[in-house]
Amino acid sequence: MAMSVGGDSAAESPMSDINTTPLVDVMLVLLIIFLIAIPVVIQSVPVDLPKVEFEPTTTKPENINLAIRGEGAGECEVYWNQTRVNSEELLQRGVANLEGVVARFGDALTPEDIPEVHIRGDVDTPYRCIGGAVYTMQSAGFVKVGFISEPPAGTGGRRF
């Protein structure tokens, strides 16, 4: 029977080094699994997304400017220029505006003569408020309904 008495004290202290070999093995196995699994999991339909570019709006005096913001308790505030309107008034004003354009141009009316609707929506406005205004203006007969936004800061209005 062998017995150690005295001798080297380093041999008697417990080993405090971490064995990293199993950790490296596990990480390599996980890396291989994810390299194989991710392309299988991520499948998408090929879609050509539109390129975003900044186009300065050409403001014509006949264009309609709507400002929309969400009020507390689920209400929507819609402003035609500076006047607050509800959805019925918005529809009536839109129809009256288009009737005036048709009466002014008559048979010589072209799509370029129809005024545009420019919507400025507050960031915190619920989509139902903005969507309702878009629907109302399209119901009134407006073909071009667009949104006014701010270009990203620091790009000078250009996207690269």
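About the criteria used
Residues numbered from 1 in each chain as written. Predicted model: local features only at pLDDT ≥ 70, side-chain atom pairs only at ≥ 80, totals over all residues. Heavy atoms only, no water. Pairing = 2+ DSSP bridges. Helix = DSSP H or I, 4+ residues; strand = E, 2+ residues; numbered from the N terminus. Axes fitted to C-alpha atoms, helices over the stretch in contact; angles between N-to-C directions. Salt bridge = Lys/Arg side-chain N within 4 Å of Asp/Glu carboxyl O. Buried < 20%, exposed > 50% of the residue type's maximum accessible area, 1.4 Å probe, protein only. Polar contact = N/O pair within 3.5 Å; in protein donor to acceptor, adjacent residues only side chain to side chain. Contact = heavy atoms within 4.5 Å.

**Student:** It is not clear to me how the sheet that holds strand β2 (residues 75–80) should be interpreted in this structure. Could you clarify?
**Tutor:** To summarise the sheet geometry, strands pair through backbone hydrogen bonds and adopt either a parallel or an antiparallel arrangement. Taken in spatial order, the 5 strands line up as β3-β2-β1-β4-β5 in an open sheet, and their pairing is mixed. The open sheet terminates on both sides in strands that have one partner only, identified here as β3 (83–85) and β5 (145–147). Strand-to-strand, the axes of this sheet are offset by a mean angle of 30 degrees, without reference to chain direction. Here strand β1 (residues 64–71) runs beside β2; their pairing, made up of 6 bridges, is antiparallel. Across the sheet, the residue bridging to A67 is Y79, located in β2.

**Student:** In this structure, what is going on with the pairing of β1? I would like to understand it.
**Tutor:** Looking down a regular strand, the side chains alternate between one sheet face and the other. Inspection of the sheet shows β1 paired to strand β4 (residues 117–121) by 5 bridges, in the parallel sense. Opposite I68, over in β4, you have G121 as the bridge partner.

**Student:** Would you take a moment to explain the pattern of salt bridges for this structure?
**Tutor:** Two side chains carrying opposite charge are able to pair once their charged atoms lie near each other. In total, this model carries 2 salt bridges according to the counting rule given. A salt bridge links E77 to R69, with the shortest nitrogen-to-oxygen separation between them at 2.4 Å. The exposure class of E77 is buried, given its relative accessible area of 5%. Across the pair R84 and E77 runs a salt bridge, and its minimum N-O distance is 3.6 Å.

**Student:** Mind showing me how you'd approach unusual backbone geometry here?
**Tutor:** The bulk of non-glycine residues show a negative phi, and the bulk of peptide bonds are trans. The backbone phi angle of N81 is positive, close to 55 degrees, even though this residue is not glycine. Classification of N81 as partly exposed rests on a relative accessible area of 43%.

**Student:** Looking at this model, I keep getting lost on the side chain of T125. Mind explaining?
**Tutor:** Along the chain, T125 falls in the loop between β4 and α3 (127–140). Residue classification places T125 among the buried residues on the basis of a relative accessible area of 9%. A polar contact of 3.5 Å, which involves the side chain of T125, links it to the backbone oxygen of I68. With near-sequence residues (within four places) excluded, T125 lies in contact with I68, R69, G70 and I130.

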